[in-house]
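Here is how the chains run, residue by residue.
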Amino acid sequence: MKRTRWPVVILLIAAVAALVAWFPGREGVQPSRVLRSPVAAAVGAAGGSWYCAARDVGVESPTQTVIVSSASEDGQATIRVDGFGEEGPAGDAEFTLEPMETAEIDVAAELGSANLSVMVEADMPVVVEHRFTYDAGADQAPCSTFSSDTWYFPTVVTSRDANARLSLFNPFPGDASVDIEVAFDTGVRQPTALSGLVIPAGTTRVVELGEQVQRRDQFSATIKSRSGGVVAELAQRFDGTGDVPVVGLRLVPGTRATSATWSFAGGFADATALENLVVLNPGEDDAELLAQVVPYGGTNVMPEPFELKVPGLRYGTINLTEESRVPQVGNHAISLETSGGAAVVPARSINVTGPPEATDADPLRAKMTGGTTASAGAAASARKWHVSAMSVGEQSDGAVLVHNGGTDEVVATVTSLSIDGSELESADYELPPGESAVVPAADLAGGEAVFTAVVTADSPVVVERLIVWSTPADISLQAGIPVVGSLDGLEGISG
């Protein structure tokens, strides 16, 4: 090669290197480059992709419904829905949504089978959840807007009455490989059979955790990618044959980031509602934390916070039902904060084994005769939240729960919308510091059977939604979905 050509070659190499460094690739293919987020699902300012990972709840003929709600007030959204199974893509559908309109998609009818993971792509902001139902259980959970190289599940159960099916969804063009670590109260281990699991591009792999971790009432699981990115979701089905006669379904989206502060907007504990808080410490060092139960309407007489020390690579638990300092009637929020900034991941579960024993229980609790739910806490507050697919009728009821964890008074506005996007009801709630509000679904429905809700506040709040089904008897308590531009941090317990 002539010497005069070297500058040209060097310039070409430099240009190619710069192009490679700049090109971001398809979102989610390289999750290590995705900025860490305090949430696993959020509404962005533009369209994007949502991933509903769970596809197998352990029954032959479930019904899976994907709920897509427009979050745009001034533009029609074009929606594409794709199904994925063990062998690859399995069906697709397209439709449009008018501003703030909601559509419910029967996955079996539209994509060929209920047992599919689902990807929803939209050119405008939307909110996506999915719901599984069968003859003895139901649950509804937000889908994810992120893939990740790490997913945390603080509470997993493989007792004789439960199965634990972990769906690992890879909708991307490249294969992924993951390890699943299991944490007990005595330490952590890596089962050989859960090491180096390959999830081919465009497929979902379902792992029955009970085959490797047998007869455990509690353990934690962490999914770590060796290569590629996945979306993880856990489906837990209980058949009522255990020592605690629990029947129902839990859909538990994975948590993708650790934090030193967490919040649960709602919760309840009594003799037949067994509430448990589990905190996973994925770090090597011990973590010390405070968990403050904040009774609704009782911030002037708050119970002493719980102190919990969680060794590195282990979990710790607080059984809130057995603690006398937790009120046995009414709702409460939970705030959690570690000392020294240690990063942890909590989850809260509630098992309902019968109607309440208290005669002064609130009407919604009185409707609960059975069911189970588990969810991650919120690692961020926000000034705007979306809550999808609430319903009121003979078979279901519910409420929107709003918690002000800050030190200033907040005015929160809860607005309900019909499935065609028209406004139904709107009400303001003044929340002093630490206070919360229960907004019954019946007050929001405006005579409609199904509605969505939008919560806006002049300062950041935390929002959850409670669904109570009567047939089948089950419950769902999950976080709402925040709007990215309104996200803020959480204030610590000490303010």
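Remember, it's a predicted structure, so these values are computed and weren't measured experimentally.

On to the overall build of the protein chain, then. On a plain count of helices and strands, the protein chain comes out with four helices and 34 strands. Scaling as 2.2 N^0.38, a compact globule of 495 residues should have a C-alpha radius of gyration of about 23 Å, and the protein chain matches this with 23 Å. Reported as C-alpha extents along the three principal axes, the dimensions of the protein chain are approximately 95 × 55 × 50 Å. Here the protein chain holds 495 residues, and the buried ones make up 56% of them. Contacts in the protein chain between residues far apart in sequence, at least 24 positions, make up 79% of those at least 6 positions apart. Looking at the protein chain as shown, the accessible area adds up to about 19800 Å², and 50% of this sits on carbon and sulfur atoms. Distance between charge centres in the protein chain, computed from 29 positive and 63 negative side chains, equals 13 Å.

Let us look at the packing of aromatic side chains. In total, this model carries four aromatic pairs according to the counting rule given. Their ring planes at 70° and their centres at 5.7 Å tell us that tyrosine 51 and phenylalanine 172 sit as a pair that is edge-to-face. Of the two residues, tyrosine 51 is situated in strand E1 (residues 48-52) and phenylalanine 172 in the loop between strand E10 (162-170) and strand E11 (176-184); the sequence distance between them amounts to 121 residues. There is no split in this pair, since tyrosine 51 and phenylalanine 172 are both buried. The structure contains a cluster of three or more aromatic residues connected by ring pairs, namely Tyr51, Phe84, Phe169 and Phe172. Just above the ring of phenylalanine 184 sits the side chain of arginine 216; from NZ or CZ to the centre is 4.0 Å.

By size, the foremost hydrophobic cluster in this structure holds 33 residues, and its most contacted members are Phe153, Leu166, Leu168, Ile180 and Leu209. Sorting the residues of this core by element identifies strand E9 (150-156), E10, E11, strand E13 (197-199), strand E15 (219-227) and strand E16 (231-239) as the ones contributing at least two each. A per-element tally of this core places E11 first, with five residues. Core analysis: the next-biggest nonpolar cluster, separate from the first, contains 26 residues, Trp50, Cys52, Val126 and Ile481 among them.

What follows concerns the sheet that holds strand E6 (residues 117-122). Sheet architecture is open: four strands sit in the order E1-E6-E3-E4, paired in antiparallel fashion. Of all the strands in the sheet, the pair left with one neighbour each is E1 and strand E4 (89-97). With direction set aside, neighbouring strand axes in the sheet form an average angle of 15°. Direction of pairing for strand E3 (residues 77-84) relative to E4: antiparallel, over a ladder of eight bridges. Bridging across to E4, isoleucine 79 finds its partner in phenylalanine 95.

Should the pLDDT be low somewhere, the predicted coordinates at that spot are not to be read in detail. The pLDDT averaged across the protein chain works out to 92; a share of 92% of its residues lies at or above 70. Scored below 50 in pLDDT, residues 1-36 shows 31 contacts in the model against residues more than four places distant or in partner chains.

Across the sheet, which stays open at both edges, the four strands sit in the order E22-E19-E24-E25 with antiparallel pairing between neighbours. Every interior strand has two partners, whereas the edge strands, strand E22 (314-319) and strand E25 (371-376), have only one. Pairwise comparison of adjacent strand axes, ignoring direction, gives a mean angle of 15° for this sheet. Where strand E24 (residues 345-352) meets E25, six bridges bridge the pair, whose relative direction is antiparallel.

On to the state of the cysteines, then. Disulfide: a covalent bond connecting the sulfur atoms of a pair of cysteines. Summed over all chains, the structure comprises one disulfide. Between the sulfur atoms of cysteine 52 and its disulfide mate cysteine 143 the distance is 2.0 Å. Between cysteine 52 and cysteine 143, the S-S torsion sits near 100°, and that sign places the bridge as right-handed. One end of the pair, cysteine 52, is in strand E1; the other, cysteine 143, is in the loop between strand E8 (137-142) and E9, and 91 residues separate them in sequence. Here cysteine 52 matches cysteine 143 in class, with each residue buried.

The next subject is a negative patch on the surface. A surface patch of like charges, here negative, comprises Glu409, Asp428, Glu430 and Asp458. Positionally, glutamate 409 belongs in the loop between strand E27 (396-403) and strand E28 (410-417). Assessed through its relative accessible area of 46%, glutamate 409 is described here as partly exposed.

A few words now on the environment of threonine 413. Within the element layout of this structure, threonine 413 appears in strand E28. For the pair threonine 413 and serine 159, spaced 254 residues apart in sequence, the C-alpha to C-alpha distance is 43 Å. Once residues within four sequence positions are removed from consideration, threonine 413 is found in contact with Ser426, Ala427, Asp428, Val454, Val455 and Thr456. Polar side-chain contacts of threonine 413 include one of 2.6 Å to the side chain of aspartate 428.

To continue, consider the pattern of salt bridges. Summed over the entire model, instances satisfying the criterion amount to 14 salt bridges. A salt bridge links aspartate 82 to arginine 80; the nearest nitrogen and oxygen atoms lie 2.9 Å apart. By relative accessible area, aspartate 82 is classed as buried at 10%. In this structure, arginine 165 engages glutamate 208 in a salt bridge whose closest nitrogen and oxygen atoms are separated by 3.6 Å. With arginine 165 in strand E10 and glutamate 208 in strand E14 (residues 203-208), this pair connects stretches of sequence that are 43 residues apart. Residue glutamate 208 is classed as buried on the basis of its relative accessible area of 16%. One network of salt bridges, in which partners are shared, links Arg80, Asp82, Asp92 and Glu94.

Calculation rules
- Residues numbered from 1 in each chain as written.
- Predicted model: local features only at pLDDT ≥ 70, side-chain atom pairs only at ≥ 80, totals over all residues.
- Heavy atoms only, no water.
- Helix = DSSP H or I, 4+ residues; strand = E, 2+ residues; numbered from the N terminus.
- Rg over C-alpha atoms; globule rule 2.2 N^0.38 Å.
- Buried < 20%, exposed > 50% of the residue type's maximum accessible area, 1.4 Å probe, protein only.
- Contact = heavy atoms within 4.5 Å.
- Areas by Shrake-Rupley, 256 points an atom, 1.4 Å probe, with all protein chains shown as cover.
- Lys, Arg positive; Asp, Glu negative; His and termini not counted.
- Charge placed at Lys NZ, Arg CZ, Asp CG, Glu CD.
- Phe/Tyr/Trp six-rings, centres within 6.5 Å; stacked < 30°, edge-to-face > 60°.
- Lys NZ or Arg CZ within 6 Å of the ring centre and 35° of its normal.
- Core = buried A, V, L, I, M, F, W, Y, C linked by side-chain atoms within 4.5 Å.
- Pairing = 2+ DSSP bridges.
- Axes fitted to C-alpha atoms, helices over the stretch in contact; angles between N-to-C directions.
- pLDDT = per-residue confidence, 0-100.
- Disulfide = S-S within 2.5 Å.
- Patch = residues over 30% accessible without salt bridge, like charges linked within 9 Å, V, L, I, M, F, W, Y side chains within 5 Å.
- Salt bridge = Lys/Arg side-chain N within 4 Å of Asp/Glu carboxyl O.
- Polar contact = N/O pair within 3.5 Å; in protein donor to acceptor, adjacent residues only side chain to side chain.

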